[in-house]
Amino acid sequence: MRLSSLGYNIRQGFKNIWRNKMFSIASIATMAACIFLFGLFYAVTVNFGGMLKNAEKGVSVTVYFDNNATQDEIDDIGTAISKRPEVRSYKFVSADEAWSEFQKSYFGKHKDAADSFADDNPLKDMANYEIYLKDVSKQSALVSFLEKQAGVREVHQSAATARTLTDFNSLVQLISMSIVIILIAVAIFLINNTVTVGISVRREEIGIMKLIGAKDSFVRAPFIVEGVTIGLIGSVIPLVILYVMYGRIIRYVANRFNALSNMFAFAPVNSIFKVLIPVSLVLGVGIGYIGSRLTLKKHLHV
Amino acid sequence: MIELSHVSKTYEAGVKAHALKDVSLRIESGEFVFIVGDSGAGKSTLIKLLLKELTPTEGSIVVAGRDLNKMRHREIPEYRRKIGCVFQDYRLLKDRNVYENVAFAMRVTDASKKQIKRRVPQMLSRVGLASKYRSLPGHLSGGEQQRVAIARALVNHPKILLADEPTGNLDGHNTWEIMKLLNEINQDGTTVVVVTHDMEIVRAMNKRVITIYKGAVVSDEEELSS
């Protein structure tokens, strides 16, 4: 298509939008709501994921040995742990190290209180492996594996925390995906209606175009422009709103809830929008394009 | 140039109805031909078949060396650009002025701006509407609107001009003006096929006349005597 014809078709596409103002506004609003929610859930999921990773770092599994376990058995357990793919890191904590750590955290400044134990280590059976995971959701699998190993007396895990965090993250993702899918369907339906109205308004013109030798692509072009423009406007508006909102919210939370911002860092605006801008634009333009193409196929037979 | 061999067209809406029955005819390049007949005789079906809006139930149609039965969907636009068409109801875009209506026919063929700017004023002068290029169709008389339609039909240099009842909505004076214009176009080398039921103009023009009655060609005369 020539540049001048392209320009002509783009102008016709804009005219279509203007002629069907109400339908166009409804389509843009639905598209904007769809992209806005998508962006919102994306930001929440990314931040929650960050929070989860942060919390996961502190979640550990502790393996205690049988009283009569030999050094060889302990070493074998260590080797087995090192081979597990879900393990991020692990360390051996001897009975003495466990006692000294306990003294530090429980007696603190009152070191003299611990002196009464003299050389008698009350934690002499508490030598252990402390294991940190890459992915908290794999904790149960690791625990059942360790429990079967020879020389293992007990395995401690922070199962509830891990499961709650993982489940909550999955729930957020599931809800956000469902809402976004429903909204995409609504957006396609509305664009369909808008383009259908456009076609019925221009039916006579389309008939004339076909009679004087317009190619299918020429007849379709203004409607594709219409759908894509609606998609584009419908994705730019929520992106701007989200950009402004997100920056303000993280600044507000950082100022207002110091404790919370010390616990974990919000994902920076740039890292969120580096992904969100291209994905939203592709989503908006894609929905607009698909919506108008489906309508053309159904009503235009070109 | 235009050749129909044993063409039949049947519509099936509950009952079978023959719009055309075993029609065979040949129109040479550069001819001026009237196709006449009563309402429902099959004249408009014939035009639609020639424009490839319809496909014959039986028989073959060859136009400018192209067998329309073998033409693919994507080849139709290119074919239609070689055939200008004019209708009783003008079929102009009411929201665009005279210039835009004619330019529109060139735009759909992907013509350049330069070509459009050169060719459209020429065509408007040819049909005597150069001074009214800014007018909207609603502000023109029936005869003027039909001239715009003729300018639009001719702007892409078609080899054939099909006119379906071009004077059906016009008064006597405008009817003659349009027929005079069609005759001039024919004299410039364009094949002109006019479908009409107005026997007065047919007699006055002294051209070849093909008569269709109930879907069949019943006569084909070089000229109709008054």
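Because the structure is a prediction, the values reported are computed rather than measured.

Undergrad: Quick rundown of the sheet that holds strand β10 (residues 216-221) of chain B? Include the residues and the values.
TA: Residues and elements named next belong to chain B. Pairing in this open sheet of six strands is mixed, and the strands run β6-β7-β8-β3-β9-β10 from one edge to the other. In this open sheet, the two strands that pair with only one neighbour each are β6 (83-87) and β10. On average, adjacent strands in this sheet sit at an angle of 15° to one another, irrespective of strand direction. In terms of strand pairing, strand β3 (residues 32-36) meets strand β9 (residues 208-213) through four bridges, oriented parallel. Of the residues in β9, the one forming a bridge with V33 is R208. Together, β6 and β7 (160-164) form the strand contacts of helix α5 (residues 142-154), whose direction differs from that of β6 by roughly 165°.

Undergrad: Tell me about the interface of chain A and chain B, and please be specific about residues and values.
TA: Taken together, the contact between chain A and chain B spans 14 residues of the former and 15 residues of the latter. Broken down by element, the side of chain A that touches chain B gets its largest block of residues, four residues, from helix α8 (residues 203-211) of chain A. A breakdown of the residues in the side of chain A that touches chain B according to their chemical character gives eight nonpolar, three polar and three charged.

Undergrad: Mind laying out the sheet that holds strand β3 (residues 128-133) of chain A, listing which residues take part and the relevant values?
TA: Within a sheet, neighbouring strands are paired by backbone hydrogen bonds and run either parallel or antiparallel to one another. Residue and element names in this part refer to chain A. On the basis of which strands lie adjacent, the open sheet formed by four strands has the order β2-β3-β1-β4 and antiparallel pairing. Unpaired on one side and paired on the other, β2 (87-93) and β4 (152-157) mark the two borders of the sheet. Mean inter-strand twist for the sheet, computed between neighbouring axes without regard to direction, equals 20°. Helix-sheet contacts for helix α6 (residues 139-147) involve β1 (60-65), β3 and β4, and the interaxial angle to β4 is about 170°.

Undergrad: Could you give an account of the environment of A267(A), with specific residues and numbers?
TA: All names here are of chain A. By the secondary structure assignment, A267 is in the loop between α10 (258-263) and α11 (269-299). Sequence separation of A267 and G49 is 218 residues, and the distance between their C-alpha atoms is 9.8 Å. Residues contacting A267, with those up to four places away along its chain left out, are V46, N47, G50 and I272.

Undergrad: Explain the environment of V225(A) to me, and be specific about the residues and the numbers.
TA: Residues and elements named next belong to chain A. Structurally, V225 is set in helix α9 (residues 216-256). V225 sits in the buried class, given 22 other C-beta atoms within 10 Å. Sequence separation of V225 and I17 is 208 residues, and the distance between their C-alpha atoms is 9.4 Å.

Undergrad: Which residues make up the packing of helix α3 (residues 98-107) of chain B against helix α4 (residues 113-126) of chain B, and what are the values?
TA: Residue and element names in this part refer to chain B. Viewed as axis vectors pointing N to C, α3 and α4 meet at an angle of 125°, and their least axial separation amounts to 10 Å. One element, α3, and the other, α4, form an angle in the oblique class. Crossing angle aside, the handedness with which α3 passes α4 is right-handed. Here V98, Y99, V102, A103 and M106 of α3 come into contact with α4, specifically with Q115, I116, R119, V120, M123 and L124. A class-by-class count of the residues in the contact of α3 with α4 yields nine nonpolar, one polar and one charged.

Calculation criteria
Residues numbered from 1 in each chain as written. Chains lettered and ligands numbered in written order. Predicted model: local features only at pLDDT ≥ 70, side-chain atom pairs only at ≥ 80, totals over all residues. Pairing = 2+ DSSP bridges. Helix = DSSP H or I, 4+ residues; strand = E, 2+ residues; numbered from the N terminus. Axes fitted to C-alpha atoms, helices over the stretch in contact; angles between N-to-C directions. Contact = placed C-beta atoms within 7 Å. Nonpolar A, V, L, I, M, F, W, Y, C, P; charged D, E, K, R; others polar. Buried ≥ 20, exposed ≤ 12 C-beta atoms within 10 Å, placed from the backbone. Parallel < 35°, antiparallel > 145°, perpendicular 65-115°, else oblique. Left-handed = near helix turned anticlockwise from the far one by under 90°.

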